[in-house]
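Take a look at the letters that make up each chain.
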Amino acid sequence: MNLPGRGGPPPLPMFAADAFPSRARSEWLTARLGTLLGAAIAVCFATGLVSHLHQNPVSWLPLPAGPVWGYRVSQGLHVATGLAALPLLVAKLWSVYPRLFVWPPVRSWRHALERGSVALLAAATGFELLTGVLNVAHLYLWPFFFPAAHYAVAWVVAGSVLVHLAVKWPAIVRGLRHHDRRAPVDDARAEDRSPEDGATEAPSAPGGTVGRRAVLWAAVGGAAAITATTVGQTLRPLGWAGLLAPRSPEQAPQGMPVNRTAAAAGVVAAGADPGYRLVVAGPRLAEYSLADLQRLPQTQVDLPIACVEGWSATGRWSGIRLRDLLDRSGVPESATVRTVSLERDGLYASAEVPPQFARHPDTLLALRLDGRELTPDHGFPVRLIAPNRPGVLQTKWVGRVEVVA
């Protein structure tokens, strides 16, 4: 069924269906670019959901405390695939560019659904990738809370992908089944081939000589280049190639990058106060001076700090097992506890530690990093370090441990 009102002024020349013609545009190219982009979006969505559940846990889906490198891999994949998706998205939009501005803008109800899903998918995906890149670079050019907006729009992306797949499935199947490189390229002006629109096989589009395989490999090459020059911030053997990586452990104090300094948190004086006491507020209230903590049995573990921005670095941490202090205060093994920082303000001045993390043998209230006393920027006098958790939840400058539930 066709929609009324198909007349009206034509689009501007730059938006005309025959603007920027190219023989490379085809269902063959669009289907393959879409498949690669869809795979990247799927990995981003799944790993982003893992990160969200770490920071916003739900009782019915407790996350495990192992493997100790789990979040490092998950968030590294999240950022790497998000960055790799950028050239794939640009190439995908280029491959369908003329179809975005066909005239009339709506030919049928099916066509309206298709165009609406494309508009929503392109806008939401562009928002996610752009804000994600700026977040990695610590450039917050917006008034909203990034994690909440990023998470909400991720569901918009997921929903629009499903609608787009449902609408375009026949064209996707045709494009993926076609393997003959010598076959004519589909005309970019053929918006679709549904019988109600009367579309038929169109002649080859005019334009340049760049082939569709060249465009595909250029997009794949761009994704590979971005990955190779950034993934070193997570995959340390490739650190030498991290030309675009925003964090480099080799250039950070104690070999561990710092996102928030002690000065920025306003805890320099509090951390250096000789009267510092760590309070464990359990059934039996206990207070420990720094000297008291140093006299307790010490444990050493090798654990990574894995940041939501994708970088990670492994350190050798020394300190007191959190579970030992909880036992000394009579805290039940099933209890969730909260570590509270000396920092008075800040989004992550405290963090909940569910029992599977609080009771893990590798979870420490650390006093030293790689054999040296923690620097103020790394959380002196005491910081939390636990396996398989985002760095924002590894509370620095811990002044209090209390029972939540």
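**Brief notes about unusual backbone geometry**
So, step 1. The step from G66 to P67 runs through a cis peptide bond, and the omega angle for that step is 0°.
So, step 2. Within the secondary structure, P67 sits in the loop between helix 1 (27–55) and helix 2 (70–95).
So, step 3. With a phi angle near 55°, N388 is a residue other than glycine that sits in the positive phi range.
So, step 4. Within the secondary structure, N388 is located in the loop between strand 9 (383–385) and strand 10 (398–403).
So, step 5. Despite not being glycine, W397 shows a phi value in the positive range, around 55°.
So, step 6. Mapped onto the secondary structure, W397 falls in the loop between strand 9 and strand 10.

**Regarding the packing of helix 1 against helix 4 (residues 146–177)**
So, step 1. Two elements in contact, helix 1 and helix 4, have axes whose closest approach is 10 Å; the angle formed by their N-to-C orientations is 155°. Here helix 1 lies roughly antiparallel to helix 4, going by the angle between them. In this structure, the crossing between helix 1 and helix 4 has a hand that is left-handed. Along its contact with helix 1, which presents E27, W28, A31, R32, T35, I41, F45, L49 and H52, the element helix 4 presents Y151, A154, W155, V157, A158, V161, A171, I172, R174, G175 and L176.
So, step 2. Here the residues of the contact of helix 1 with helix 4 are counted per class, giving 14 nonpolar, three polar and three charged.

**Description of the layout of surface pockets**
So, step 1. Approximately 810 Å³ is the volume attributed to the second largest pocket.
So, step 2. What lines the second largest pocket is a set of 35 residues, and nearest its centre among them are G34, K92, L121, H164 and K168.
So, step 3. Every element with two or more residues in the lining of the second largest pocket is listed here: helix 1, helix 2, helix 3 (109–136) and helix 4.
So, step 4. Counting residues per element, the lining of the second largest pocket draws most heavily on helix 1, which supplies ten residues.

Quick notes on the rules
- Counting restarts for each chain, with residues numbered from 1 along the sequence as it is written.
- Predicted model: local features are reported for residues with pLDDT of at least 70 only, side-chain atom pairs are reported and counted for 80 or more only, and whole-chain, interface and lining totals are derived from all residues.
- The side-chain numbers reported here are obtained from all heavy atoms of the structure, hydrogens and water having been left aside.
- Runs of H or I in DSSP of at least four residues are treated as helices and runs of E of at least two as strands, each being numbered from the N terminus.
- Axis lines are fitted to C-alpha atoms, over the contacting stretch for helices. Their N-to-C directions set the angle, which ranges from 0 to 180 degrees.
- Convention used here: angles under 35 degrees read as roughly parallel, angles over 145 as roughly antiparallel, angles from 65 to 115 as roughly perpendicular, and any remaining angle as oblique.
- Note on convention: the crossing is left-handed when the near helix lies turned anticlockwise from the far helix by less than a right angle, right-handed when the turn is clockwise.
- Contacts are assigned to residue pairs with any non-hydrogen atoms lying within 4.5 Å of each other.
- Classes in brief: Ala, Val, Leu, Ile, Met, Phe, Trp, Tyr, Cys and Pro nonpolar; Asp, Glu, Lys and Arg charged; the others, Gly included, polar.
- Here a cavity denotes grid points, spaced 1 Å and computed from the protein atoms alone, that fit a 1.4 Å probe unable to get out, and a pocket denotes an open set having protein on both sides within 12 Å along at least 5 of 7 lines; residues with an atom within 4 Å of a point are the lining.
- Grid points are joined across faces, edges and corners, and a volume is the space filled by probe spheres set on the points.

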